[in-house]
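Structural overview
This is what each chain is made of:
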Amino acid sequence: MVRRYDPERRRRIIDAAIRVVGEKGIAGLSHRSVAAEADVPLGSTTYHFATLDELLVAALRQVNGEPQTALEGWVRVLDGRDEPLADRLTGLLGRFATGDRSRIRLEYELYLAALRREALRPVAAEWLDGLVEAVRLHVGGDPAVARALVALIDGLLIQLLLTEREFDAAEVRGMLARVIG
């Protein structure tokens, strides 16, 4: 049997895992489902990722680094225009919550998997702490206000996902403004 050089295989496996989680949730993730989605032999998934936790860590890291999730995108919004912080955050959350919510659902599926999967906790905490630090710079340096604001953002997005309510920009802006002070 001839071995084929495939430098993109690891990345394709991670992409496939992200698609599987996006379509079926964490419960639908297995080496077999990922191999089928990536169109690679089952042994390739276990070669690159001995455990599903290793694969989920790679998937969460990749999702955290993509433009719509990356901290750099949040920082650009936070550092942006001359409008109040509550307005900037409301606009960003509105973009996440309006229309197709499958992307934000995927992000929270991976993020919340850290509750049960110890290997994911440092990756989730790293992103969360990075966001708190980015927000802290815009709320007078107060880490407690920054953490409260990030917790509110998480809570709002999770509630929108669970209830499938429409995004109410005025309501969200009001809540954010109260926390910002």
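This text goes with the structure placed above it.
Here's what I pulled together on the structure shown here. (Residues numbered from 1 in each chain as written. Predicted model: local features only at pLDDT ≥ 70, side-chain atom pairs only at ≥ 80, totals over all residues. Heavy atoms only, no water.)

Looking at the pattern of salt bridges
All chains considered together, the criterion is met by ten salt bridges. Arginine 103 is the salt-bridge partner of glutamate 107, the closest N and O atoms lying 2.8 Å from each other. With glutamate 107 and arginine 103 both in helix 7 (residues 102-112), this residue pair falls four residues apart, about one helical turn. A residue is classified by how much of its surface remains accessible, and arginine 103, at 21% relative accessible area, is partly exposed. Measuring nitrogen to oxygen at the nearest pair gives 3.5 Å for the salt bridge that ties arginine 147 to aspartate 129. Within this pair, whereas arginine 147 is found in helix 9 (residues 143-163), its partner aspartate 129 is found in helix 8 (residues 121-136), the two being separated by 18 residues in sequence. Residue classification places aspartate 129 among the partly exposed positions, given a relative accessible area of 40%. (Salt bridge = Lys/Arg side-chain N within 4 Å of Asp/Glu carboxyl O. Helix = DSSP H or I, 4+ residues; strand = E, 2+ residues; numbered from the N terminus. Buried < 20%, exposed > 50% of the residue type's maximum accessible area, 1.4 Å probe, protein only.)

Re helix 9
Helix length check: helix 9 (21 residues) gives 30 Å between terminal C-alpha atoms against 30 Å at 1.5 Å per residue, within 8%. All of the buried residues in helix 9 are Val145, Ala146, Leu149, Val150, Leu152, Ile153, Asp154, Leu156, Leu157, Leu160 and Leu161. Those residues of helix 9 that are buried lie in contact with helix 5 (71-79), helix 6 (85-97), helix 7, helix 8 and helix 10 (169-180). The residue sitting at the N-terminus of helix 9 and contributing the capping side-chain oxygen is aspartate 142; that oxygen lies 2.9 Å from the backbone nitrogen of alanine 144. (Expected span 1.5 Å × (residues − 1). Contact = heavy atoms within 4.5 Å. Polar contact = N/O pair within 3.5 Å; in protein donor to acceptor, adjacent residues only side chain to side chain.)

Quick look at unusual backbone geometry
One non-glycine residue, aspartate 39, adopts positive backbone phi at about 60°. Relative to the assigned elements, aspartate 39 resides in the loop between helix 2 (31-38) and helix 3 (42-48).

Considerations on the packing of aromatic side chains
To describe a pair of aromatic rings, you give the distance between the ring centres and the angle between the ring planes. For the structure shown, the criterion picks out three aromatic pairs. Ring centres of tryptophan 74 and phenylalanine 96 lie 5.7 Å apart, and the angle between their planes is 45°; on these two criteria the pair is classed as tilted. In this pair, tryptophan 74 sits in helix 5 while phenylalanine 96 sits in helix 6, placing the two residues 22 residues apart along the sequence. We classify tryptophan 74 as buried; its relative accessible area is 5%. Residues tyrosine 108 and tyrosine 111 carry aromatic rings whose centres are separated by 5.6 Å and whose planes lie at 70° to one another, so their mutual orientation is edge-to-face. Separated by three residues within a single helix, tyrosine 108 and tyrosine 111 lie in helix 7, roughly one turn from each other. With relative accessibility at 8%, the residue tyrosine 108 sits in the buried group. Taken together, the ring pairs connect Trp74, Phe96 and Trp127 into an aromatic cluster. (Phe/Tyr/Trp six-rings, centres within 6.5 Å; stacked < 30°, edge-to-face > 60°.)

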